[in-house]
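The lines below spell out each chain.
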Amino acid sequence: MRRQRVGVLISGRGSNMEALIRAAAEKNYPAEVATVISDRPDAAGLTTAQAQGVEAMCIDPKACAGREAFEASLQEQLQSKGVELIACAGFMRIFSDGFAMRWHGRMVNIHPSLLPSYRGLDTHARALADGVKLHGCTVHFVSGAVDAGPIIAQSALPVLPEDTADELARRVLRLEHELYPMVLSWLASGAVSLKDGRVAYRFAVKDQTRLLSPMSSAE
Ligand code: GRF
């Protein structure tokens, strides 16, 4: 089996990146993490990746003359590593339409809410403030806009009366660590793809809805 080469983009802690690296260490996983790239030199995830034996580097936007130059360096690095798919994992930059188009159907992101609700930051506090009863995470193809693009899969959990934003974030993060490796394996194996702006699945929809995790898997 030829494994698809994935570039993981991070800006911070890198726990989702670590979940992808761990999944890719499995013999039959259809992808390998070819490189980890951070836009912040102090991202903790850089050290974590290196400790797992994955090459990791920073491209500092401050050292680049604007977004175009940053994206050109990023593209060069991805190309030099033979990257075929991009997984954004807490990457805090907005892509130009040109970059998003170049990676159309080959770049995914994980977001800690049930999109299209709560794009942007502080999703857990905002969900609590609104009193929603279900919250969770989403993996989607990346389009130019922030936290937008065709949704591939979501994982949900109940919001409990005693939840704080931190507690909710902790429980959602556990779902993220399950969901992201699974969806990346679908993408790498060709089980999902983007066709005419819609997500096409090569498996039964009931298998996809199974991802709505019962409470037990979040605890
Ligand atoms: C995650 O909650 C992810 O969904 C969001 O940013 C956070 C990154 O956390 N996009 P980590 O760096 O993966 O630990």
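Below or above, wherever it landed, is the structure these notes cover. From a predicted model like this one, the values you see are computed outputs, not experimental measurements.

### Some remarks on the overall build of the protein chain
Looking only at helices and strands, the protein chain has 8 helices and 9 strands in total. The C-alpha atoms of the protein chain give a radius of gyration of 17 Å, which matches the 17 Å a tight globule of 219 residues would have. If one aligns the C-alpha atoms of the protein chain with their principal axes, the spans along those axes are about 50 × 40 × 35 Å. In the protein chain, buried positions account for 49% of the 219 residues.

### Here's the deal with the site of the ligand
Taken together, the neighbourhood of the ligand is formed by R13, G14, S15, N16, G90, I110, H111, P112 and E176. One of the side-chain N or O atoms of R13 is found 2.5 Å from an oxygen atom in the ligand. Measuring from an oxygen atom of the ligand, one finds a side-chain N or O atom of S15 at 2.5 Å. Starting from 360 Å² of accessible surface for the ligand in isolation, the protein chains cover 84%. Counted by class, the shell around the ligand contains 2 nonpolar, 5 polar and 2 charged residues.

### A short note on the sheet that holds strand β5 (residues 107–111)
Here 7 strands make up an open sheet; going across it, the order is β3-β2-β1-β4-β5-β6-β7 and the pairing mixed. The open sheet has two edge strands, β3 (56–58) and β7 (151–158), and neither has a second partner. Within this sheet the neighbouring strands show an average axis-to-axis angle of 20°, counted without direction. Where strand β1 (residues 4–10) meets strand β2 (residues 31–38), 7 bridges bridge the pair, whose relative direction is parallel.

### Description of the side chain of T138
Looking at the element boundaries, T138 is found in strand β6 (residues 134–141). On the basis of relative accessibility, which here comes to 0%, the residue T138 falls in the buried class. Reaching out from T138, the side chain makes a polar contact with the backbone oxygen of S113 at a distance of 2.6 Å. Of the polar contacts made by the side chain of T138, one reaches the backbone nitrogen of L115; its length is 3.1 Å. Look past the residues within four positions of T138 in its chain and what remains in contact with it is N109, I110, H111, S113, L114, L115, I151, A153, Q154 and L179.

### Notes on helix α6 (residues 165–189)
Spanning 25 residues, α6 covers 35 Å between terminal C-alpha atoms, matching the ideal 36 Å at 1.5 Å per step. Residue G190 follows α6 closely and has a positive phi angle near 85°.

### Focus on the nonpolar core
Among the nonpolar cores identified, the biggest contains 43 residues, and V8, V36, V108, V139, I152 and Y180 are the most heavily contacted of them. Considering each element in turn, this core owes the most residues, 10 residues, to α6. Membership of the second largest hydrophobic core comes to 17 residues, among which are L74, V83, F99 and M107.

### Quick look at the packing of helix α5 (residues 123–130) against α6
Close contact between α5 and α6 brings their axes to 8 Å; oriented N to C, the two are set at 115°. α6 is crossed by α5, and the crossing has right-handed handedness. Two secondary-structure elements touch here, α5 through H124, A125 and L128 and α6 through A165, L168, A169 and V172. The residue makeup of the contact of α5 with α6, split by class, is 6 nonpolar, 1 polar and no charged.

Thresholds applied
Residues numbered from 1 in each chain as written. Predicted model: local features only at pLDDT ≥ 70, side-chain atom pairs only at ≥ 80, totals over all residues. Heavy atoms only, no water. Helix = DSSP H or I, 4+ residues; strand = E, 2+ residues; numbered from the N terminus. Rg over C-alpha atoms; globule rule 2.2 N^0.38 Å. Buried < 20%, exposed > 50% of the residue type's maximum accessible area, 1.4 Å probe, protein only. Near = heavy atom within 4 Å. Polar contact = N/O pair within 3.5 Å; in protein donor to acceptor, adjacent residues only side chain to side chain. Areas by Shrake-Rupley, 256 points an atom, 1.4 Å probe, with all protein chains shown as cover. Nonpolar A, V, L, I, M, F, W, Y, C, P; charged D, E, K, R; others polar. Pairing = 2+ DSSP bridges. Axes fitted to C-alpha atoms, helices over the stretch in contact; angles between N-to-C directions. Contact = heavy atoms within 4.5 Å. Expected span 1.5 Å × (residues − 1). Core = buried A, V, L, I, M, F, W, Y, C linked by side-chain atoms within 4.5 Å. Left-handed = near helix turned anticlockwise from the far one by under 90°.

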